[in-house]
Structures are given as structure tokens and as C-alpha cells.
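One letter stands for each residue in the lines below.
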Amino acid sequence: MTSPTQKNFEATSRLPLKEQTIDEMYGIPENFLEIEVRNPQTQGFGRKMYTDYEIVCRTNIPAFKLKYSSVRRRYSDFEWFRDVLERETSRVNIPALPGKVFTNRFSDEVIEARREGLERFLQNVAGHPLIQTGSKVLSAFIQDPNFSREVYNY
């Protein structure tokens, strides 16, 4: 007696296999999006200190105006961006940002944990097809070095 798993395997094992070409294996994917948050830098002095992060984007997705871009954003910019995304769409659950930190916020460990969280957040929202096609601020936030919150009346 054969198990259901074995029957499924036998059914699919008869499907013809198509060899991939070199271009299919190593060529540029049809659509790709790489977002990296890196190079945190602490700016200012005393109570005016903050850390900003470099956002590097490589893509060929038409929703983005540039194939390669590099901009700097601070945590408060990410908070504003997330709020705008929540108002722009009710059909997508916008992921949370890494939490606010009130002690040791300029330690290497805290900054690295926040950088990782911001990168995960951006990869999730920028990779979502409904946000790519429906957001008025996504491309500007990720790619425009002259981006300003004041330009967007939210």
C-alpha cells in the first residue's frame, strides 16, 4: 500500500524537467529589489543628538524612479513614514518599527539592533506590491536625497 505522500511524489516525478539556461541562472532577475540600511552615524551634541542611517536601494521595479539610490534618514523620519503608510492603505498591515529606546540609545548594540529592525521594516513595506503601486511617498522616502516631510500634506 502506498502513502499519499508517495503517490504525490510519483505523480510529480513524471513531469518533464527543463534545464535552466546560463542566463536564467545568472542573469538579472525579472524584478528585483534590494534594500540595505547601513552606516549609522550619530549627529549633533547633547540633547540635540540623533542617529541617522543610510538607505541603499537597488532595483528594476518600475514603481521606483532610480535603479540605484543612497539617502540618509533618521528614526523620526521612519516613524512619520510608517504613519503615512497606515493612512494611505487600510488593506495592508504595516509592520512595526523597532521600539523607542530611552537608555543607552547611542550604544553600538542599540544602534545595530535598531538598524537591523529598520532594514527589516523597509524590506517588508517596499517589497509589498500594494504599497509599491499605491503609496505616494514610498519612492521618495527611499530614494530622494532632498525628501522633506513638508512636501507631503499628511
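Residues numbered from 1 in each chain as written. Predicted model: local features only at pLDDT ≥ 70, side-chain atom pairs only at ≥ 80, totals over all residues. Heavy atoms only, no water.

## Some points on the packing of aromatic side chains
To describe a pair of aromatic rings, one takes the distance between the centres and the angle between the planes. Formally: Stacked, tilted and edge-to-face are the three classes applied to pairs of Phe, Tyr and Trp rings, where Trp contributes its six-membered ring and a pair requires centres within 6.5 Å; stacked means planes under 30 degrees apart, edge-to-face means over 60, and tilted covers the rest. Criterion for a charge above a ring: Lys NZ or Arg CZ within 6 Å of the ring centre, and within 35 degrees of the ring normal.
This model, assessed by the stated rule, comprises six aromatic pairs. Consider the rings of F141 and F147, whose centres lie 5.6 Å apart with planes at 85°: the pair is edge-to-face. Positioned above the aromatic ring of Y50, the side-chain terminus of R74 is 3.7 Å from the ring centre. Its guanidinium or amino end placed over the ring of Y75, R114 lies 3.7 Å from that ring's centre, counting from NZ or CZ.

## A word on the layout of surface pockets
Put simply, the test is: The pocket and cavity definitions rest on a 1 Å grid over protein atoms only: a 1.4 Å probe that fits but cannot leave marks a cavity, an open set with protein on both sides within 12 Å along at least five of seven lines marks a pocket, and residues lining either have an atom within 4 Å of a point. Grid points are joined across faces, edges and corners, and a volume is the space filled by probe spheres set on the points. Helix and strand definitions follow DSSP, with helices as H or I runs of at least four residues and strands as E runs of at least two, each counted in order from the N terminus. Note on residue classes: Ala, Val, Leu, Ile, Met, Phe, Trp, Tyr, Cys and Pro are nonpolar, Asp, Glu, Lys and Arg are charged, and everything else, Gly too, is polar.
Estimated volume of the largest pocket: approximately 260 Å³. Lining the largest pocket we find 15 residues, and of these Y50, Y75, K100, R105 and R114 sit closest to its centre. Where the lining of the largest pocket is concerned, the elements lending two or more residues are β2 (50-59), α3 (75-88) and α4 (108-126). The residue inventory of the lining of the largest pocket, partitioned by class, reads nine nonpolar, two polar and four charged.

## Side note on unusual backbone geometry
The phi angle of most residues is negative, glycine excepted, and most peptide bonds adopt the trans form. To keep it simple, the criterion reads: Three labels apply to residues, based on accessible area from a 1.4 Å probe with only protein chains included: buried if under 20% of the type maximum, exposed if over 50%, partly exposed otherwise in between.
Its identity as a non-glycine residue notwithstanding, N39 has a phi of 50°, on the positive side. In this fold, N39 is placed in strand β1 (residues 33-43). Its relative accessible area of 38% is what places N39 among the partly exposed residues.

## Observations concerning the environment of N124
Position of N124 among the secondary structure elements: in helix α4. As a C-alpha pair, N124 and I94 span 30 residues in sequence and 8.6 Å in three-dimensional space.

## Points about α3
Condition: In this scheme, a helix's expected span is set at 1.5 Å multiplied by one less than its residue total. Contact between two residues is taken to exist if any of their heavy atoms lie within 4.5 Å; hydrogens are not considered.
Counted at 1.5 Å a residue, the expected span for α3 with its 14 residues is 20 Å, and the 20 Å between its end C-alpha atoms agrees. Along α3, the positions that sit buried rather than exposed are Y75, D77, F78, W80, F81, R82, V84 and L85. Turning to α3, the residues buried within the fold contact β2, β3 (68-74), α4, α5 (129-134) and α6 (138-143).

## Some words on the sheet that holds β3
Test applied: Only when DSSP finds a minimum of two bridges between them are two strands counted as paired. Lines are fitted to the C-alpha atoms to define the axes, a helix being fitted only along its stretch in contact, and any angle between axes, read from their N-to-C directions, falls within 0 to 180 degrees.
Spatial strand order, β1-β2-β3: three strands in an open sheet with antiparallel pairing. Each edge of the open sheet is held by one strand with a lone partner, namely β1 and β3. Averaged over all neighbouring strand pairs, the angle between strand axes comes to 20°, with direction disregarded. As judged from the nine bridges shared by β1 and β2, these two strands associate in the antiparallel manner. Considered in β2, the bridge of Q41 is made with D52. The sheet strands contacting α3 are β2 and β3, and the helix crosses β3 at an angle near 100°. Of the strands in this sheet, β1 and β2 are in contact with α4, which crosses β1 at around 150°.

## A closer look at the pairing of β3
The alternating pattern of β3 places S69, V71 and R73 on a buried face and Y68, S70, R72 and R74 on a face that is not buried. Pairing analysis gives seven bridges linking β2 to β3, with the strands arranged antiparallel. By the bridge assignment, D52 is partnered in β3 with R74.

## Examining the nonpolar core
Going by this rule: As used in this record, nonpolar core signifies buried Ala, Val, Leu, Ile, Met, Phe, Trp, Tyr and Cys residues forming a set joined through side-chain atoms within 4.5 Å.
Counting 30 residues, the largest nonpolar core has I55, F81, F121, L122 and I142 as its most contacted members. Looking at this core, the elements that each hand over two or more residues are β1, β2, α3, α4 and α6.

## Remarks on the packing of α3 against α4
To keep things clear, this is the line we draw: Note on angle classes: values under 35 degrees are labelled roughly parallel, values over 145 roughly antiparallel, values of 65 to 115 roughly perpendicular, and the remainder oblique. With the far helix as reference, a near helix turned anticlockwise by less than a right angle produces a left-handed crossing, and one turned clockwise produces a right-handed crossing.
Closest axis-to-axis distance for the α3/α4 pair is 12 Å, and the angle between their directions is 30°. The angle between α3 and α4 falls in the class roughly parallel. Read as a crossing pair, α3 and α4 show a hand that is left-handed. Here α3 contributes Y75, F78, F81, R82 and L85 to the contact with α4, which in turn contributes R114, L118, F121, L122 and V125. Residue composition of the contact of α3 with α4, by class: eight nonpolar, no polar and two charged.

Any link to function would need more than the numbers given here.
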